[in-house]
Structures are given as structure tokens and as C-alpha cells.
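So the chains spell out like this:
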Amino acid sequence: MAERELLARALETAKQKGASYADVRINRTLRQAINTREKRVTNISNNESFGVGVRVLVDGTWGFAASQRVEAAEIDRIAAQAVAIAKANRVAQAKPIVLAPVKAYRDTWQTPTTKDPFRIPTERKVDLLLAINEEALKVKGAAFCTSQMAFVKEEKHFASSEGSDIEQTLIRSFPGFTVTAVDRAAGKFKTRNALVEPVGSGYEWIEKFDWMGEAQRAAEDAVRKLTAKSVEPGAYDLILAPSNLWLTIHESVGHPTELDRALGYEANYAGTSFLTTDKLGKFKFGSDIVNFVADRTQPEGLATAGYDDDGVPTGEWDLIRDGVFVDYQTTREQAAWIGQKQSHGCSHAQSWGDVPFQRMPNVSLRPGKEKLTLEQLIADTKRGLIGEGRSSYSIDQQRYNFQFSAQVFREIVDGKLGDIVEDAAYQAITPNFWASCDRICSDGYTLGGSFNDGKGEPGQSNAVSHGCAPARFRNVNIINIARKS
Amino acid sequence: MSLTSDEARQIIKRVLELSKADEASVSISDSREANLRYAHNEVSTSGDVTNLGVTVRTSFGKRSGSASTNQVDEASLRRIVKQAEETARFAREDPEAMPMLGAQEYESRDPYDDATANTPAEYRAAIAAKAIELGRKRNLEMAGFFTNAGYAEALGNSKGLFAFKRRTLTTFSNTARTTEGGGSGWSGTNADRTAELDPAKMVETAAMKAELSRNARPLDPGQYTVILEPSAVADLLMYLSFSMDARSADEGRTFFAKKGGGTKIGEKVVSEKVSIWTDPADVRAPGAVYSGEGLPTRKVPLIENGVLKNLNYSRFWAQKMNANPTPTPENLIMKGDRGTIDDLVRSTKDGVLVTRLWYIRSLDPQAILLTGLTRDGVFRIQGGKIRHAVKNFRWNDSPVSVLLNIDAMSREYRARGSESEDFAIVCPAVRTKFTFSSASDAV
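Residues numbered from 1 in each chain as written. Chains lettered and ligands numbered in written order. Predicted model: local features only at pLDDT ≥ 70, side-chain atom pairs only at ≥ 80, totals over all residues.

Caption draft 1: Expanded view of the overall build of chain A. Counting its regular elements, chain A contains ten helices and 23 strands. Taking 2.2 N^0.38 as the reference for a compact globule, 485 residues should give roughly 23 Å; the C-alpha atoms of chain A span a radius of gyration of 24 Å, in line with that estimate. Principal-axis analysis of the C-alpha atoms gives chain A an extent of 70 × 55 × 40 Å. Within chain A, buried positions represent 58% of all 485 residues. A separation of at least 24 residues holds for 75% of the contacts in chain A among residues at least 6 apart in sequence. (Helix = DSSP H or I, 4+ residues; strand = E, 2+ residues; numbered from the N terminus. Rg over C-alpha atoms; globule rule 2.2 N^0.38 Å. Buried ≥ 20, exposed ≤ 12 C-beta atoms within 10 Å, placed from the backbone. Contact = placed C-beta atoms within 7 Å.)

Caption draft 2: Local environment of the packing of helix H3 (residues 122-137) of chain A against helix H5 (residues 211-227) of chain A. All names here are of chain A. Remark: H3 packs on H5, axes separated minimally by 8 Å, with the N-to-C direction vectors making an angle of 40 degrees. Viewed along their axes, H3 and H5 form a crossing whose handedness is right-handed. Where H3 abuts H5, its residues Leu128, Ile132, Glu135 and Ala136 lie against Trp211, Met212, Ala215, Gln216, Ala218 and Ala219. When the residues that make up the contact of H3 with H5 are grouped by side-chain class, the tally is eight nonpolar, one polar and one charged. (Axes fitted to C-alpha atoms, helices over the stretch in contact; angles between N-to-C directions. Left-handed = near helix turned anticlockwise from the far one by under 90°. Nonpolar A, V, L, I, M, F, W, Y, C, P; charged D, E, K, R; others polar.)

Caption draft 3: Layout of the interface of chain B and chain A. Between chain B and chain A, the residue contacts involve 79 residues of the former and 64 residues of the latter. Broken down by element, the side of chain B that touches chain A gets its largest block of residues, eleven residues, from strand E2 (residues 42-60) of chain B. Its residues placed into classes, the side of chain B that touches chain A shows 26 nonpolar, 35 polar and 18 charged. In terms of strand pairing, strand E3 (residues 61-67) of chain A meets E2(B) through three bridges, oriented parallel. In the sheet register, Ala65(A) faces E2(B), and the bridge partner there is Asp48(B). (Pairing = 2+ DSSP bridges.)

Caption draft 4: Fine view of the sheet that holds strand E10 (residues 292-295) of chain A. Residue and element names in this part refer to chain A. With antiparallel pairing, the four strands of this open sheet are ordered in space as E12-E11-E10-E15. Every other strand in the sheet has two partners, leaving strand E12 (324-325) and strand E15 (363-365) as the edge strands with one partner each. Taken together, the two bridges between strand E11 (residues 316-321) and E12 define a ladder with antiparallel strand orientation. Within the sheet, the bridge partner assigned to Ile320 lies in E12 and is Phe325. Strands E10, E11 and E15 of the sheet are contacted by helix H6 (residues 242-254), whose axis makes an angle of about 115 degrees with E15.

Caption draft 5: Broad picture of the environment of Gln71(B). Looking at where Gln71(B) falls in the secondary structure, it is placed in the loop between strand E3 (63-69) and helix H2 (74-90). For the pair Gln71(B) and Leu52(B), spaced 19 residues apart in the sequence, the C-alpha separation amounts to 7.3 Å. Excluding anything up to four places from it in sequence, Gln71(B) contacts Phe50(A), Gln68(A) and Ser76(B).

Caption draft 6: Summary view of unusual backbone geometry. Residues and elements named next belong to chain A. Residue Pro458 follows Glu457 across a cis peptide bond; omega there is -5 degrees. Take Pro458: it is sitting in the loop between strand E21 (446-455) and strand E22 (460-468). With phi around 50 degrees, Asn475 is a residue other than glycine that occupies positive phi space. One can find Asn475 in strand E23 (residues 471-480).

Caption draft 7: View of the pairing of strand E19 (residues 424-429) of chain A. All names here are of chain A. Within E19, six of the six residues are buried, which leaves it mostly tucked inside the rest of the structure. With burial as the criterion, each face of E19 is covered, one bearing Ala424, Tyr426 and Ala428 and the other bearing Ala425, Gln427 and Ile429. Summarising the sheet, strand E17 (residues 401-413) and E19 pair through four bridges and their orientation is antiparallel. Note that in E19 the partner of Phe402 across the bridge is Ala428. Taken together, the four bridges between E19 and E23 define a ladder with antiparallel strand orientation. Bridging from a neighbouring strand, Ala424 pairs with Asn480 of E23.

Caption draft 8: Structural context of the environment of Gln68(A). On the secondary structure map, Gln68(A) appears in the loop between E3 and helix H2 (72-89). Here Gln68(A) falls in the buried class, since 22 other C-beta atoms lie within 10 Å of it. In the structure, Gln68(A) is positioned 32 residues away from Ala100(A) in sequence and 30 Å away in space, judged by C-alpha atoms. Other than its neighbours up to four places away in sequence, Gln68(A) contacts Phe50(A), Gly51(A), Thr50(B), Asn51(B), Leu52(B), Asn70(B) and Gln71(B).

Caption draft 9: Highlighting the nonpolar core. All names here are of chain A. By size, the foremost hydrophobic cluster in this structure holds 202 residues, and its most contacted members are Val54 and Ala82. Each residue touching Ala82, except ones within four places of it in the same chain, is listed here: Ala14, Val54, Arg55, Val56, Gly63, Phe64 and Ala65. If you look at the next biggest cluster of nonpolar residues, it comprises 52 residues, including Ile34, Val41, Met149 and Ala219. (Core = buried A, V, L, I, M, F, W, Y, C linked by C-beta atoms within 7 Å.)

This is the structure we're talking about:
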């Protein structure tokens, strides 16, 4: 039976069993991972996952069932099972779920790429990774180098009882490496990860990155970190490069603007949000120059797609405008919770076997309006630090108190870039931190991102990008983590 | 109905027949996982999902490659064998490649419970409905998650090895929040059989903690005498175990590396009160009969009376260092003392009780220094009694320091950490020194 007929069969069975709404997804996901260390290839794996998931509404209550057997009899079984689960769950449903309206779409969409990573010979990828290791280990004092590439290709076919039929192909790539320097006599070791980010793009993106230059810089930094001075804790003006700031945006802006968190739907796991619905349109989240946009259409974004897993076309909207909190991330189910008529298209399931729920779109900081380069920003800073690269990150369950580190912190003294300092982390309260943002560069806008962002029970992974230009934050509390407090 | 040993054997036989490699191994994983989630005092999402995965690994001399699929038709099996063999042919020679294991002898444990694997949707819905009802009565918002699952796994290779294991797992957790947003309490655990869980009691514990944690008072950051409940201890033990790779220690890049070279095996690393081991035969947290490449699992002391006894050795590193291959643990058991958590509170003059930890991340792997938050119930203890709730903290501390400073422990509990939901851990609550680094207004 053809795929489209199987989709129709799932919807028909669900309707016959009593569903007022149903959608079905047949997904095929290919994953490739290649790992090396020094001169060795430690892993090459290729994984394929194929299956079907049916979601239904019965009397305003959800049910969901899924199977890896994509065949007529099994589709009948899971469609009926999804309805049976929904019926059983009615006993714990307070008010019926109402979906925001969406048109029926019959469409296809795919990540714009020129080089499908699954068509690139494995040998070529292995050669590049081993060359990175070799280049890093040329630096005196660099003891180890691990490197890896991961690729994902999702083929998703969605159909709903409201008439949509949407086929999408999404491609994501995630290369990286870590250099370790060891001083055995002193019993010390330091690492430095590549300042490179995963993207919603193909192998062409990997080919345009300066791997050898970054391998050398990373190795030199790792060695220098062994003898770098420990940071003196206190208040500093902090400049964050996009390679570091993206994760702070993700944790302190992306997650608290999720509507399910704000209303308590993640209370048992990921947590809630300090951005409660009474603050919508009023709360001063950051300084006047701080503007955050949610955008699932952004080129090379990891969360970029044509449609979400509710069948809603993706788009762009403001979350924080001129420093004020103005909107949330929503799905069809959630729009009515805050009186909105349409979904922002944030429904996502990590696979055929997972139920769709609200996941983060690409959330980015708009560049500054005044003409400003990173060099000018450093020159404008008297006593500060500049942080590059994601490192340790932790934030509380309402997204207030966070503590982030960096792959490398360098001192800025009297407008000049100084040496590496070690053991630094910035600790702040979210709205205070964004209120302290006094300058955002107009140049240097770059996408960073998370290949695997966790949320939900059962846990699901989402990939999401965050763009920004370098920005400065005044009088940020820098702690020395080696001193424990 | 989960995959049987005979069915697994047939799939493995078929895949091995298709392979032309020098050596080939096939692993199979079969699962049925069902769940129900509720929040905001109503059911939210739920599901029932079946899956079956097959992974083939092929080797030509010292070159190897693997491929996997979740389809078991002839064409799919042929495709992954071809893909694994092509990958192997293009792979570099791995100087550390080890020959596959031959037939092994395994213990005959089968911790599988049909009733748990096939728990009906109505059972899950009833748990949610009761929790929500209690929430409404007591002006609390309930959010919780119940799962039940059955798993079967098999491993076979061209050298005659065949291994099969099954297990069931159920998890339940419930968060209660006071409706004005000022208090939050949690209770959660995992078990091998649904019948071992007492959801009503756990919901009551979470409700009581939420009510007690209203009007939390701030406390200055600093080092305190702290009772960490078993969930918090479980998370710290997980992070400790992540650092226990022998090779990384020999290479000088973990806490367990000895200054000047080698590992700290044989050295005292934490308090002599502390003993930690893995024992897959422990009925309180049964582990599988084999792990990874098919090695039989066994009881392994990790830390005995404060002294490091063992690290995890891959087969290659064990051969190189003349040690026993020791896979990563199937479970973790930490020896406790007598008495309950309440007894530990009663014997504490001045301290802080921490329900659980949250968002734990590494700060410095050299010292296993971590950061994270407290969550869902922090209380001040004075004169052996809980006096009032305390606002949450960020903490920066190390499991090594926590285990070094233990002065009292409760009995052992089956515990579930915030970041180790499905892993089987048995451990006590501990009284120790703990460093709160900054205050958090988060509830």
C-alpha cells in the first residue's frame, strides 16, 4: 500500500473509532556519526529509523500511539489504540482541548542545501577529521584531540483529518572537536572545544569552515590555559561573542518564553517560567536596545522548516521588543490559552514515535542599530572580559538564576585585548542581565545552536539556532569557580 | 508481547548469514513504552509506542563499521549488512581493534513482569485522576508523569556468542505547586514492577512538601551542614561514575588520575564511611546479565571504605594495562546506615534538608566540581525539627567533597536523580557539608 494510502487509512480508522480530529506522521530519519581520536577512527555508525505515529482528539482529549511497522494492519491497530487511550484519559481532562484554526495545505518543503551529507563519501569525512587531529597535535603541549561529525536527515510526511498533506525533508550537520593539553607533573589538564556550531545545512557548510586555523588556535588556547592566571572575582564589563552568547539566549530567553512552561505544563520536569502570562506586554525584560525575534524561516537555522508538526506554516514574530516582553511561543492547542487566534507554529516531535508538543523556534537577538564592530566595542571597554565558546551552563527551573562559563575568557584592559584568564563564570539573574546590555554590535551576526535540546516527558530532543552579534553587559558578577563559591 | 529469545536468535542468524565479513555481530532491541503526563491539574500528553532495532557490526581484519535500522524485512537487513560492510572496507585500520568475544556463560536472571509491560491506559489515567483530585481539594496544582515499559535485547556474533536479556521498568514522579506559586514539592522514583510503586503515597509526599515550602525564607549563601535526600545523592553518584573511566585516568585527564602518572586505585579518595559498588544481582535494582560487547556482568567494588578499588576498563585498555575488562556499571549501590530520612533530621541540630538537585553541569572535571540548583523543597532544620522552608540556591560543589565530609547516613533507598531518571541506584540520604553559592528566587 502506498504511503499516502496508509496515511488516509490511519485518519479514516481514527474517525471511525470516534476521533473528532486526527493527524498521522510517517517519518524516516537517517543519522550518521563519525568519531575519531588522534590517528584513530573510533566510530562510524549509520542509523535509520522509520515508523508511524497517530494522534487523535476524542471529546477534547489527546491520545497517541506509534509503531515501527508501517503497514495497513498495524496502522489500524495504533489508530484504534490512540482512540482508546484518549477515551481512557477523559477521566483526567478538565476542559476540552480546542485547536486554533489552520488551512489545509498540500505542499512539500526541504532544507535548502547543495550537498546532502549522506551523499558525501565517508572517507572524505574521515580524512578531514584526522587532518584536524593532526593539525591540533602539531602544537607543542597538545596531548589529545577528538573530533566528530554528526548528520541528520528527516523525511516527514504529515496528514490531518482537516485535509493537509505535507512532505518535508530536513537536514542538519554538526561537526566539532576538542583538544586536551595535559601537564602530568602538575596533575593538570585543560580542554578547548572548537568554536564551531551545528547548522540546518548540508556538507557545503563544513567545506567552507577554516578547520586547520581553528585546530591550531584551539590547541594553542588549551596549552595556554594550563598556566593562565586564575580570574579575580568581582564585577566586570562582559563582552560575549556569538559563540558563547547564543546559549545564554537559548536558556534565558528561549525557554522562559515557552507558553507551556509559563502555565505549568513542564512543572514536573523542565520547570516553569518567571515570564508568567500577567507580564505579557508589560514586563521590562531588558534594556531598550534588546530585541528578540522568533523565526522558523531563518536560513541555516536548526529549527527552520516549512511547517510545524501541527501542519501550521512557519513564520517570524517578536518575543521581546525594545526590551519589553511581548509574546510567547505557541502551538495550535496553546493559542487560545492567551486569547490568540492563530498558532505561531512551534509544534514539534523528535520522531514518528513521539507526540508533538511545543518546542523552541530559532530565537535570535537583533543586531544593534548603531554602527559598531567588535574591535570598537573592545576599544570602548576599560576593565572587562570577553567570553567565547559554549562551556558549562546551568539555570534554575524558572529561568532566573544562571551561571555560564566559556571555552575561553580573555581580559580587556584599557580598551585592549589581554591574555587568557581561567576559572571564570558569569552568574546573574535573567532580567538584570539583559537590563545591563548597553551595546550590541551591528557587525558580526552569527548563528549558534543546540543540536540536542531536551524537554518534555518522555524526553524529546529538538535542534534550534540562535543568532546574535557580539554584545556588552555592564557590571556582571564574575565568580571564580575554582574557589567553589 | 515482547521479543522472545528464539525470535531474536532467528533474526541474528539471518543477518549473520548475509554477512561476508571476517567477523560480524548483531544486536537487537525491542521495546514497548507507554506513558501518561498530566499538568495544570489535567491530563496533557500520553502514548504507547512499540519499536524494534537491529544493529549490525562487521569487521575485516582491524577495519570495522556498523549500521542499524528498525525494520526487519529481508531488504532492510540486507541493506544494513551492505552498509556496515562498505563502511568497514573504507574505515582505517584500528590498532586498538579487539576480536569479538566467543560464547560466554551468563546468569539466568529475567527481571521481566508482564503486568508492568502491559499496564492498561485506564490504570495510568486513574493515577493522574487521583493526583489531580487531591490537588483540587488542597488548592495545589499537580503535574506528574507515569511510565511503564518492557524491553528485550539480544546480542549474537559469528563466533558463537548469544546473549538475551529482558527487563521491565516503571517510573512515576509528581510535582505539587501551591496555586499562588510560592511553594513546590516533588516525589519520584523508578522500579522494576508497577506493583512496587505507591503513587498515592508519593503524591501525598509532594503535596506535603509544597504546602510546607510556602513562605520560604532567604538564607545567606555559604557552606552548611546539609541532608541530601536520596534523589540528590543519586545525581552526585551518577556524576562521580561518569569520571570513572580507567583510560582517561591513565591519560591524566580525570579526578582519578594520579599526579605524575597512573590512577588513584588503592588510594583513599573519600570518607572511610563510603562504600560504593555495582551488583547486577541486587534484587533492589537488578541489572542486566550482560553488557556492551557481551561480557557477563558481575559485582564490582568501586569504592570500599573510602578507597578507590576499581575503574571501568574497556577490553582494549584492560589488555594493555593487565587489568580485568570492567564495563560501565549496570547499577550503583551505596552502602547506607540505619534509620530513615526522618531519623536523620531528628539527629541534626542545625542544618538544611535538600529534596533534590537540578540542572547539574560540570565546572571543572579535574575536581569533578559541579554546579546546579536545589528544587522542590529546601528546609531549615533546627533542634532536630524542620522549622521553615528556605528559598532555593545555586550550589557549586563536588561529589568528592560531599562524600569526603559525610558524618551520618540513613538506610538505603531506591533513588531516582533529576538527571538519572531510568538508571537503577540504591543509596542513603547523607548528612554532609555542602556549598550554596548564590540565592535563587525560583520556586
